[in-house]
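Summary of structural features
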Amino acid sequence: MSTLARWQVSHQRSISYDIIATSALLDPANSSLLAAGRVDGGRRFVVVDEQVAGYHGAALESYFAQHGIDARIVHFSGGEAAKTVDAYLQLVRELDDFPIHRRDEPIIAIGGGVLTDVVGFVAGSYRRGVPHIKVPTTLMGYVDAAVGIKTGINFNGRKNRLGSFEPPLQVLLDRSFLTTLPLRHMLNGMCEILKLAVIKDAALFAQLEHHGAASIANAFQDGDGGVMLDRSISGMLEELQPNLFEDVLARSVDFGHTFSYGLEAHYTEHLLHGEAVLLDIAVSVLIARQRGLLDAAACERVFTLIGTLGIVPLVELLDIDLMWNALLDRVEHRNGSQHVPLPDGIGRCVFVNDITAAELSSAITLLRDRTTRKNEPVLEC
Ligand SMILES: NC(=O)c1ccc[n+]([C@@H]2O[C@H](COP(=O)([O-])OP(=O)(O)OC[C@H]3O[C@@H](n4cnc5c(N)ncnc54)[C@H](O)[C@@H]3O)[C@@H](O)[C@H]2O)c1
């Protein structure tokens, strides 16, 4: 049958948002939190991580009170187990009970990557999209989860199976939030910084070698820590910005994010996102080494740095079936190709499409063997 009529709709909308580092964000003298919306008679729906509320709840309430803002402050429990459809719906219900303007009373999300992912999805779907501001309070959020435009919730036993691309109105950074972060979560975020260093930024890698351990100890409050945070965000944005909607499916920032999904979804209670990413990084580095992409010295440097930072890969959770099935799922996600980034030097990567189950299995065995050899600080390659 021939076409009788055809209409085409074509529209372009530019995306632009600022990521602003500030200090003393909750000091009433600092207007950053309110600057992007209506202040006079304004209202704000604020979702805050309950741990963060424990430290800053009073300051937060007083901040809005002093600015004459009618704020509904909702506490949200962090942790991967909270990233559910139920948690999402509960927030939508609370939001629906608190009227806000559709355009000039942005939702404010203050918390880790779980919270900003869920609240971003709430903001993106409520009334087909209302603006939101992200304030990351974990290292993971600061250098990764809060700076991009991806939102998501876990569904059907799978990570981030429901979600959207929802640009924030703003991202506000205050690194003093990191001072209360437990060590495990500091290391968790460090794994994403390590990811960037290995596949994209040799200078950042060297900074981590020299200052990484001290920055973890001082919660990134000193000058070196600040430099590394800024560099990580810049590096992340260099990768994200030209491909914001992931039209290109070979993405270097997917390093560490191939085999990790199966482990993370399976061990929700035991394995944090960054810990799963670290296992993926370690296995990927060994695959790269086995292929001769990475020489022994570079491979050694990665494992030495992992040790220097005090990160212990949870190798007992490595599982060939979970990891191979995760790769198969990523092939669907990446539209039919593996597109697995592997380092071919420190600060560089290539994409491969032919990883086999046998190759993965041998890298897993290698990693297990090396790590379980006790009293050897360096996992030599
Ligand atoms: N959207 C993206 O592009 C993107 C990128 C990377 C990661 N993520 C997602 O981020 C999530 C992980 O984020 P996360 O590691 O921040 O987890 P999280 O949000 O669960 O926070 C970790 C823990 O720290 C607590 N916490 C938060 N801020 C604190 C503070 N300042 N002091 C003390 N405790 C604090 C939380 O209550 C929680 O228990 C994963 O679900 C991952 O998929 C998303």
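Keep in mind it's a predicted model, so treat the numbers as computed, not measured.

The domain boundaries assigned to the protein delineate domain 1 (18-179) and domain 2 (183-372). Centre-to-centre, using C-alpha coordinates, domain 1 lies 27 Å away from domain 2. Opposite the 20 residues of domain 1 that make contact, domain 2 presents 25 residues. For the side of domain 1 that touches domain 2, the elements supplying multiple residues, two or more each, are helix H5 (139-145) and strand S7 (158-165).

One finds Ala109, Val118, Val119, Met190, Val198 and Val283 to be the most contacted residues of the largest nonpolar core, which totals 108 residues. Element by element, the count of residues in this core is highest for helix H10 (residues 273-290), at 11 residues. Apart from the residues lying within four places of it in its own chain, the contact partners of Val198 are Phe205, Phe255, Ile281, Val302, Pro343 and Ile346.

In contact at an axis separation of 10 Å, helix H3 (residues 85-96) and helix H4 (residues 113-125) are set at 50° when each is read in the N-to-C sense. Taken as axis vectors, H3 and H4 run oblique relative to one another. The crossing of H3 and H4 is right-handed. Taking contact as the criterion, the partners of Ala87, Tyr88, Leu91, Val92 and Leu95 in H3 are, on H4, Val118, Val119, Phe121 and Val122. Its residues assigned to classes, the contact of H3 with H4 comprises 9 nonpolar, no polar and no charged.

What counts, and where the lines are drawn
- Residues numbered from 1 in each chain as written.
- Predicted model: local features only at pLDDT ≥ 70, side-chain atom pairs only at ≥ 80, totals over all residues.
- Domains from an automatic or database assignment.
- Contact = placed C-beta atoms within 7 Å.
- Helix = DSSP H or I, 4+ residues; strand = E, 2+ residues; numbered from the N terminus.
- Core = buried A, V, L, I, M, F, W, Y, C linked by C-beta atoms within 7 Å.
- Buried ≥ 20, exposed ≤ 12 C-beta atoms within 10 Å, placed from the backbone.
- Axes fitted to C-alpha atoms, helices over the stretch in contact; angles between N-to-C directions.
- Parallel < 35°, antiparallel > 145°, perpendicular 65-115°, else oblique.
- Left-handed = near helix turned anticlockwise from the far one by under 90°.
- Nonpolar A, V, L, I, M, F, W, Y, C, P; charged D, E, K, R; others polar.

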